[in-house]
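# What the coordinates show
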Amino acid sequence: MKKMLALAMVLMLALCGLTVPALAEEGQSVLHYSISDDPQQMDPSLNTYSRSSLVLQNLFQGLYKLGPDGASYVPACAESYEVSEDGMHYTFTLKQGLKWSDGSDLTAKDFEYAWKRVVDPEVGSGAASDMWVLKNGKECSKGTCAMEELGVKATDDYTLEVETSYYAPWFPSLTATTVFFPVKQAAVEGSEAWTKDVATYVSNGPFMLKEYSSLDKIVMDKNPNYYNADEVAIDQVIYYIIADSTSVLVSYENGDLDVADDLDSNGRDKFGATEEYVACNRIGIQYWDFNCRLPEFSDPTVRKAFAYAIDRQAVLTACMLNAEQPSYGFIPSSQPSLTADGSYRSVAGDMFSEDVALAQQLMADAGYPGGAGFPVVHIVCQNSDEQRLMAQILGEMWKANLGIEYDITTYESSTYWTELANGNFSVGRNGFTCDYLDPSANLKVWVSGSNCSENGWDDPVYDKMVSSASSILDPAEREAALIEAEQYICDQMPGMPMYTMVDDYLVKPNLKGVVKNPIGHIFFEYAHFE
């Protein structure tokens, strides 16, 4: 009878368009999940992508990790740490007996190697700026400082000494992000394609890679060498690559998926009022980049006019983004205040407001009254229903309120970011989720040479404001400095804040312990079926 049921499940999966994996051993606990596309990067030291992190967070483990409550951070590879009075010197003590998935020893030296690799200019990691928090991190990444001067050193197998370049009280939680994960030197240097072959892929998290097909699925098995393996209840996790959100919903409704991300409006309508629907705020915003390299968008007066001339709530309503909230600043409401209970936004307030009349006056002041003489605005976005619709609505609002003409170009996700980085746009859809709970996280990504570089905006005044704020120890003074820096960037408007990010997904009622961090990355370490 059990074999007949198993055969029926195989047939059902095949009919739904899901590629059927090898059947798990009888009695094993298997969790089925979907991901919208192939992970862009399977090397944590090179990763800058949220989708890749959905995979990497379950394959690797840093010094700290997200706790089972989905809110706090707890020791992972680290047993404990001590910090100096100035908050810039950390001594991490690692757990005894840590292993890689291949059974070899994992030591503090693996962390030192991995962190230095991230900032090595010859490696060229796009995540190098995330390591600028370390002493000499920026200098090492620019090749102006010897790697031995980077603020990380393994003094023995179990001790990691870390020095930061500025006061960063959130640093332990930062070690739970992918760029701070260890990688095994012998694996990395043994094969140029170590991440492309299951036989050479070595990790240290609760799960290990069993099968990887960039066309249809990723299969992870429970890692028997994980330090906390006895507490991991799931034996196998299967990620199905399903690009279409409608197909994801159908698979979930048919029972082929236990967890479904990438919800569309239909999914929210059907399950929004049920116990299976989960929604939580992410510490990021969606925004639209202005190409500051173009003459017409090099003027902040024009950029502010475009930002003021739209109705964000109307856009969200039309796109059926009902859980999201309009954003009138670069720091989302999910970031906590440094001085009060609740949100940073409740202290800072809105940085600007929508005002069509003011937007029209700003365009006139910039030399484009009624849009006269303004070049055609080339709007670019990814090829999805939601993004195409939003681009069209924005274009029509700018046409009606500012008198400009526009066109829209869409790209698949595999090429979109390259087009954006190459400057092939006037206005382009973008977004950023930060790595830690502190309002400074959303501001540092706009520093020259950091993550939000697609718009070509560099401003030494802003860079200095963010740097100065990071050296302030008093919470009230630091928050005031961050508010001043945010007001400055809103006056410059290199990108147009659109809305705060909300992460919603579906979980079957009999599956418990699935959690997501504030960045939006999913964790299956604590999951179990009832």
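Each value, and the rule that gives it
Residues numbered from 1 in each chain as written. Predicted model: local features only at pLDDT ≥ 70, side-chain atom pairs only at ≥ 80, totals over all residues. Heavy atoms only, no water. Phe/Tyr/Trp six-rings, centres within 6.5 Å; stacked < 30°, edge-to-face > 60°. Helix = DSSP H or I, 4+ residues; strand = E, 2+ residues; numbered from the N terminus. Lys NZ or Arg CZ within 6 Å of the ring centre and 35° of its normal. Buried < 20%, exposed > 50% of the residue type's maximum accessible area, 1.4 Å probe, protein only. Arc of directions from axis to C-beta. Contact = heavy atoms within 4.5 Å. Salt bridge = Lys/Arg side-chain N within 4 Å of Asp/Glu carboxyl O. Pairing = 2+ DSSP bridges. Axes fitted to C-alpha atoms, helices over the stretch in contact; angles between N-to-C directions.

### A closer look at the packing of aromatic side chains
Tallied over the full model, the rule gives 33 aromatic pairs. When the centroid spacing of 4.3 Å and the interplanar angle of 5° are considered together, the rings of Trp 170 and Tyr 436 count as stacked. Placement of the pair is Trp 170 in the loop between strand E7 (159–163) and helix H5 (171–174) and Tyr 436 in the loop between strand E15 (427–433) and helix H15 (440–444), with a sequence separation of 266 residues. Taken together through their ring pairs, the aromatic side chains of Tyr 64, Tyr 81, Tyr 90, Phe 92, Phe 111, Trp 115, Phe 171 and Phe 180 make up a single cluster. The cationic tip of Lys 95 hangs over the ring face of Tyr 227; the distance from NZ or CZ to the ring centre is 4.8 Å. A cation over a ring is seen here: Lys 508 above Tyr 252, with NZ or CZ 3.8 Å from the ring centre.

### What to know about helix H7 (residues 245–253)
Residues Val 248, Leu 249, Ser 251 and Tyr 252 constitute the buried set of H7. Along the axis of H7, the buried residues cluster in a sector spanning 165°; they form a single face. Contacts made by the buried residues of H7 are with strand E1 (30–35), strand E11 (259–260), helix H8 (265–271) and strand E16 (495–507). Count one or two residues on from H7 and you reach Gly 255, which has phi positive near 85°.

### Some remarks on the pattern of salt bridges
Enumeration according to the criterion identifies 22 salt bridges in this entry. Ionic pairing is found between Lys 210 and Asp 221, a salt bridge with its closest N-O pair at 4.0 Å. Taken together, the residues Lys 210 in strand E8 (residues 207–213) and Asp 221 in strand E9 (residues 217–222) connect sequence positions 11 residues apart. Given a relative accessible area of 43%, Lys 210 falls into the partly exposed group.

### A closer look at the sheet that holds strand E4 (residues 78–83)
Taken in spatial order, the 4 strands line up as E4-E5-E7-E6 in an open sheet, and their pairing is antiparallel. Strands at the two margins of the open sheet, each flanked by one partner only, are E4 and strand E6 (152–156). In this sheet, neighbouring strand axes are inclined to one another by 20° on average, regardless of whether the strands run parallel or antiparallel. Bridging between E4 and strand E5 (residues 89–94) involves 5 bridges; their strand directions are antiparallel. Within E5, the position partnered with Tyr 81 by the bridge is Phe 92. The strands that helix H3 (residues 108–119) touches are E5, E6 and E7; relative to E6, the one it contacts most, it runs at about 160°.

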